[in-house]
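This is what each chain is made of:
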Amino acid sequence: MDYEPITPSYHDLTATCAACQTLAPFSQLFVCLKEDCGHVLQQKLPVLSPSLFYRREKVFCGACTFRGSHKAHRKYMQRAEPLAFITASGEMGTKLQMEFDKFLKTGEDTAVGYYMQENMELKNLPTPRIVEYLSKSGTIMEWHRRVAVLYNASKTLTDFREEGQKFVKEQAEELLTEFSKTSKQIHRILTVTQPDMEQLREERHETHLREMGIDPSTEDARSSFSSTSSTSTKAPKKKNG
Ligand SMILES: [Zn+2]
Ligand SMILES: [Zn+2]
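Keep in mind it's a predicted model, so treat the numbers as computed, not measured.

A. Focus on the coordination of the zinc ion (ligand 1). Listed as protein donors to the zinc ion (ligand 1) are Cys17 (SG), Cys20 (SG), Cys61 (SG) and Cys64 (SG); their distances from the metal cover 2.3 Å. Bound by 4 donor atoms, the zinc ion (ligand 1) shows angles of 103 to 116° at the metal and therefore tetrahedral coordination geometry. Summarised as a motif, the one-chain spacing of the donors to the zinc ion (ligand 1) is C-x2-C-x40-C-x2-C. Separated by 47 residues along the polypeptide, Cys17 in the loop between β1 (14-16) and β2 (23-25) and Cys64 in helix α2 (residues 62-66) bring together distant segments of the chain.

Have a look at this one:
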C-alpha cells in the first residue's frame with residue numbers, strides 16, 4: 001500500500017470555526033447542509049482521515065450555529081464528528097477493503113496465491129467488514145489505531161506471499177542447477193567413457209578367445225564375437241593349445 005497511518009497531533013483534534021475563527025474540539029463543531037448556503041458541505045476532496053474532514057469542510061462552533069451568524073440555518077446544521085468518521089471510514093475503508101479482497105480473489109501470479117486459488121476453499125471465508133470497523137471507532141485515536149492494525153495485517157499478508165515467492169524461486173533454481181549437473185554428467189559419461197568401455201570389452205573378448213585357443217583374427221572368431229553368448233558352449237575347450 002502507498003500510505004502510512006498518521007499519528008494525530010493535538011491540532012488534529014481541534015479545528016477553527018469558519019465564522020468566528022475560534023478553535024474548538026472536533027466534537028463541538030457543526031456543518032451546514034443547506035444547499036444554497038455559501039458554506040455548505042462540499043465533500044469534493046478526498047478525506048483519508050477524520051481530521052482531514054475538518055480541514056476540507058467549513059465547520060462552525062456551537063455558539064455560531066445556535067446563537068450567532070449561522071443561526072438562520074440552524075435546522076440544517078449537523079454535528080461534524082459523525083460525518084467526519086463516516087466519510088473518512090468510507091474512503092480509507094474502501095481502499096483497505098480492496099487490499100484485503102486482493103489476497104483472496106487474485107494473486108495467481110505468485111506461488112502462494114496460485115496455490116490458494118487452486119487448492120483452497122476461499123469462497124466461504126468471511127471477508128472483514130473494514131468500513132464498518134473503522135466507522136465504529138469511538139475516538140480519532142482509536143480510528144488511527146484501527147487503521148494501523150489493518151495496515152499491519154495487510155503488510156503481514158503481503159509478506160507471506162513475497163516470502164513464499166522467494167522460497168519457490170530458490171527451490172526452482174536449485175532444481176534446475178541439479179538437473180543440469182546430472183544431465184551434463186550423463187552426457188560426459190556417454191561421450192567420453194563409453195568408447196573406452198567398448199574397447200575394453202573387445203580386448204577382454206580377444207583375451208578370452210586366445211585362452212580357448214582361437215585366433216581372434218580368423219573368420220570363425222569374428223563370427224563368434226558377434227554372438228558372444230554361444231561361443232563359450234560351441235567352441236571346444238582346448239586350454240594351452
Ligand atoms: Zn464560531
Ligand atoms: Zn449555512
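B. Main features of the environment of Thr14. Along the chain, the position of Thr14 falls in strand β1. Residue Thr14 is classed as buried on the basis of its relative accessible area of 13%. Along the chain, Thr14 and Tyr54 lie 40 residues apart, while their C-alpha atoms are 8.4 Å from each other. Thr14 has contacts with Leu23, Ala24, Pro25 and Phe26, leaving out every residue within four places of it along the chain.

C. Inspection of the coordination of the zinc ion (ligand 2) at higher detail. In this structure, Cys32 (SG), Cys37 (SG), His70 (NE2) and His73 (ND1) serve as the protein donors to the zinc ion (ligand 2), at separations of 2.0 to 2.3 Å. Between consecutive donors of the zinc ion (ligand 2), the numbers of intervening residues give the motif C-x4-C-x32-H-x2-H. Like His70, the residue His73 is buried in the burial classification.

D. Inspection of the packing of aromatic side chains at higher detail. Inspection of every chain in the model, using the stated rule, returns 4 aromatic pairs. Ring centres of Phe26 and Tyr54 lie 3.7 Å apart, and the angle between their planes is 5°; on these two criteria the pair is classed as stacked. Of the two residues, Phe26 sits in the loop between β2 and β3 (29-32) while Tyr54 sits in helix α1 (residues 50-56), which places them 28 residues apart along the sequence. What makes Phe26 buried here is its relative accessible area of 3%. For Tyr54, a relative accessible area of 6% gives the class buried. With a centroid separation of 5.2 Å and an interplanar angle of 85°, the aromatic rings of Phe30 and Phe66 are classed as edge-to-face. With a gap of 36 residues between them, Phe30 in strand β3 and Phe66 in helix α2 connect regions that are remote in the sequence.

E. Spatial organisation of the sheet that holds strand β4 (residues 60-61). Reading across from one edge, β4-β3-β5 is the order of the 3 strands in this open sheet, with antiparallel pairing throughout. The sheet is open, and its two borders are formed by β4 and β5 (77-79), each paired with just one other strand. Pairing geometry for β3 and β5, over 3 bridges, is antiparallel. Residue pairing in the sheet places Val31 in a bridge with Gln78 of β5. Sheet strands in contact with helix α3 (residues 80-105) are β3 and β5, and its direction is about 65° off that of β5.

F. Geometry of a nonpolar patch on the surface. A surface patch of nonpolar side chains, amounting to about 360 Å² of accessible area, comprises Leu175, Leu176 and Phe179. In this structure, Leu176 sits in helix α6 (residues 140-211).

G. Broad picture of unusual backbone geometry. Of note, Gln21 is a non-glycine position whose phi angle comes to about 65°, a positive value. As for its placement among the helices and strands, Gln21 is situated in the loop between β1 and β2. With a phi angle near 50°, Gln43 is a residue other than glycine that sits in the positive phi range. If you trace the backbone, Gln43 turns up in the loop between β3 and α1. For Gln43, a relative accessible area of 44% puts it in the partly exposed group.

H. View of α3. An ideal rise of 1.5 Å per residue puts 38 Å on 26 residues; α3 measures up with 36 Å between its terminal C-alpha atoms. Largest kink in α3: about 25°, centred on Gly93.

Cut-offs applied
- Residues numbered from 1 in each chain as written.
- Chains lettered and ligands numbered in written order.
- Predicted model: local features only at pLDDT ≥ 70, side-chain atom pairs only at ≥ 80, totals over all residues.
- Heavy atoms only, no water.
- Donors = N, O, S within 2.8 Å, 3.2 Å for Na, K, Ca; no water.
- Tetrahedral: all angles 85-135°; square planar, octahedral: opposite > 155°, others 65-115°.
- Helix = DSSP H or I, 4+ residues; strand = E, 2+ residues; numbered from the N terminus.
- Buried < 20%, exposed > 50% of the residue type's maximum accessible area, 1.4 Å probe, protein only.
- Contact = heavy atoms within 4.5 Å.
- Phe/Tyr/Trp six-rings, centres within 6.5 Å; stacked < 30°, edge-to-face > 60°.
- Pairing = 2+ DSSP bridges.
- Axes fitted to C-alpha atoms, helices over the stretch in contact; angles between N-to-C directions.
- Patch = residues over 30% accessible without salt bridge, like charges linked within 9 Å, V, L, I, M, F, W, Y side chains within 5 Å.
- Areas by Shrake-Rupley, 256 points an atom, 1.4 Å probe, with all protein chains shown as cover.
- Salt bridge = Lys/Arg side-chain N within 4 Å of Asp/Glu carboxyl O.
- Expected span 1.5 Å × (residues − 1).
- Bend = angle between axes of the 7 residues up to and from the residue.

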